[in-house]
Each structure stands twice: as structure tokens, then as C-alpha cells.
Amino acid sequence: MNREGRKSLDALTGARFLAAFWVLVYHFAIQFRFDRLPGKPPSSRALPLGLGPVILQGHLAVDFFFILSGFILAYTYAASEGGMRGSRREFWVARIARIYPVYLLGLALGLAQFLSTEHNLAIVAISGFTHLFMLHALFPVGLEWNQPSWSLGVEAFFYAFFPLALLLAGRLRRRGLWLLFFASWLVFIGIDLGLVMMTRNGFTSLPGWRDIARYDPLVSFPEFIAGMALGLLFTRYGASALPLLRRLTAPLFDVLIIVTLAAYVGVLFVAARLDIRSTWVDALAPVSLPPLAAIILLLAFQRGMIVKLLSHPLIVWLGEISYAVYILHKPVWYLLSAPLWTLLSAISMATVGHVPSNTALIIAFTVLVVLIAGLSFQFLERPLRRAIRARWGRPQSAEPIPVFPNMLRQALAPARRDQQG
């Protein structure tokens, strides 16, 4: 159970790690610069196993996160009568406690690399201000500081408006919620098509246009609302939200998840064959919303072997640390990739006589990032989350901020699963 008393949706927690890993491999393939590593030949940049059409669309995992965030927040905070469980203050404090400590760690780890590439003091100052207050998605300056953190600026925007959105959407019944879901999808399609048309008509020459088109929270807000609508449908109606689901056995849930995922992967391969690319405008995101939403809904029912696999304690733990994996992997690359590559090369040359492949490097790098994320989760994220909630979450409580020994003791205690987004 989560702290509000609703059942933890472990399969969705496990799925978060798969999405974070998709982003990690995408950045490895696209934005990590292998030629900075000593002795790394350019020809070794080829993507493994013919998975380029999937790997090169890894940014779509962020769209998955936006839909999932709306779903989980609605599931966690929606009251049965249509209001909000708990106060707005508690909600916002819980959100800050959830994301801010590791977010700041990512900025700290990425600072040296950012300063090495940015020498304009005004941009550094403005970027520092906007990042500190998580406004950098609204005012995209210096986003290369820790590039994945732009989505946290978008999430902060979602959190700010969530209580109002829940107040409005919480009054809707089943038909109204389905209408809200499809209306959000249509609005998202309209925004995307509008951005594509504006891009083709020369708007890219306007200062900051590309950053606004890709990172502005209003562009992605329909995804969050669609996730909220789906979360409210699931919370209130269960399988009755979609009568077809009531007739499905557990094996049929597996079949439906596999078919949906296979169809989605097929779409990505077809898009690659047709040379449909997402650059500054996320061209494939509107196509992705229905299958990603369907996968989230099917996994939420916790039925079938796929759900059991994603609910394995190890996978759930990976899902719990997936936020740290996502927000720390790029700074860690810039800090530790060269030493890691040197170590791997020495081992590989001594054993097989040649430098390692991309596959070996991504496996080693993933293990390293998971280790760092796990340590961060255990000794920074969990204790500071508790401390922030204890200090500011409940005004009537006089519980003091835990001192370091107590924080360490709490961190070493068995993990209590937090199902909040």
C-alpha cells in the first residue's frame, strides 16, 4: 500500500526503469560523444542488433513519463467524491521532496561540464536562477547544464496546476473522462501539427523558437491531462471503465500488452523507413500517446505474467531508483566515461586483444549508473524526502528534521515503496 492507502502498482514502478533505460541508451547513441574517449574508433558508433529505429526514438520515453505522471497522481490523490485527498500544501511539499534532492545533485554533478562549455556570465547567472526554481522549461536558457532535467521543469509546471486540474476533472463521470482523454489527445495532435507547420514556414529563425517548441510545458500538458483522465477512470471504475477488459483472462492481458507493444515498435520502424524524424518538434509523440496510455492502463490491472515479471522485487527496486538513473546518467557520463573506457579497454586488450564494443560500454555504463543511482536513492533521496515532509508537509506536526545519524538509520531501513509518480 502507498501512504494514502491504495495498492501500490508495482508493475508500473518496474516499467519506469525500462523507460529510463530507453532514454539512457538513446543519449548514449545520439548525444554522448564517443570520439572524446581515447582510442575509440568512429566506426564503433554503429547501433547494436538493428535496433536503431527504436533506440533513436528514446526521447519518446519522456512522453511515457508525462502520461504516467498524470495517471499516478490521479490514482494517488483523487478522492472518491471528486476532490483531492490531503491538502494542496502536503501535495506540493511531497512533490518537492520527491524530485528536488536528486535534481540538485544532477545540477551539481553537471556544473563543471556546463561551465567548461559556457563562458557567458549572464547566461550562467540566468540559467542558475531558472534551474534553481525549476523554471528552465518556461525560460530555456542553458539547458545543456543537465539536459534531461528539462522534463523536471515541465513536471513542476504540471504539479503547480494539478490541484486545479483535479478539481475540474474530478467532477466528470466515466463518459466525460473518456471524452477528456480523447480531447486531450486531439489537442496534442493539433499542437504538434501546428508546430510542424510553423517550423516549415520559417519560425525556426526566431530566437529561442526551437527550445520553446520542444520544451515548453504547454506543449506536453495534454499528455499529462490524458494520463490524469485515464488514472481517474481506473481508480473509480476499474475494469468497468472499458467493458472489454472485464472479459479478459490473465493470459489475454499478456497477449494484449505484447500486441500493443509490438504494434508500437512496428510504427517506429515504419517511421524510420519513411524518414519521419523527431527533431525539435516531437513528431511521433501524438502517435505514441494511445499505445503508451494503453500499456499503462493494462499494467495497472496487475494481471498476467508480464505484470509478475515487472513486479519482481529487483525490478521494482530498479523502478524506484529510475528517477535517479534518468537525472544523473548524463552528468555521470561526462565525469566518468573516460576512466571507465580506459579501464574497459585495458581489460579487453589484455583478454581478447581489441577494444570493447559499444554493447560492452553501454552495459558497463548502465551498471555504473545503477550503482550510483542506488546509492543516491538510499543515502540522499529517501532520507531527505522524509526530512522535507516531516518539516514542511504537516504544519500541525512538531516533528524535527532528522539529524544525520537518524537519517542514516532510516536510509538503511527496508525501503517503503512510494507510488507517487
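Attention shifts here to the nonpolar core. Membership of the largest hydrophobic core comes to 110 residues, with the highest contact counts inside it found for Leu-12, Phe-71, Leu-299, Val-325 and Phe-365. Broken down by element, this core gets its largest block of residues, 14 residues, from helix H3 (residues 60–77). Not counting residues up to four positions away in its chain, the partners in contact with Leu-299 are Ala-11, Leu-12, Ala-15, Ile-257, Ile-306, Val-307 and Leu-310.

For the rest of this paragraph, the subject is the environment of Leu-384. If you trace the backbone, Leu-384 turns up in helix H15 (residues 358–393). Using a relative accessible area of 27% as the deciding quantity, one classes Leu-384 as partly exposed. Sequence-wise, Leu-384 and Ala-97 are 287 residues apart; in three dimensions their C-alpha atoms are separated by 7.0 Å.

To continue, consider the pattern of salt bridges. Here the structure, examined in full by the defined rule, presents 2 salt bridges. Across the pair Arg-98 and Glu-381 runs a salt bridge, and its minimum N-O distance is 2.6 Å. In this pair, Arg-98 sits in helix H4 (residues 88–117) while Glu-381 sits in helix H15, placing the two residues 283 residues apart along the sequence. Comparing Arg-98 with Glu-381 shows no difference in burial state: the two are buried. Measuring nitrogen to oxygen at the nearest pair gives 2.9 Å for the salt bridge that ties Glu-381 to Arg-385. Placement of the pair is Glu-381 and Arg-385 together in helix H15, with a separation of 4 residues, close to one helical turn. Of the two residues, Glu-381 and Arg-385, both sit in the buried class.

About the criteria used
- Residues numbered from 1 in each chain as written.
- Predicted model: local features only at pLDDT ≥ 70, side-chain atom pairs only at ≥ 80, totals over all residues.
- Heavy atoms only, no water.
- Core = buried A, V, L, I, M, F, W, Y, C linked by side-chain atoms within 4.5 Å.
- Buried < 20%, exposed > 50% of the residue type's maximum accessible area, 1.4 Å probe, protein only.
- Helix = DSSP H or I, 4+ residues; strand = E, 2+ residues; numbered from the N terminus.
- Contact = heavy atoms within 4.5 Å.
- Salt bridge = Lys/Arg side-chain N within 4 Å of Asp/Glu carboxyl O.

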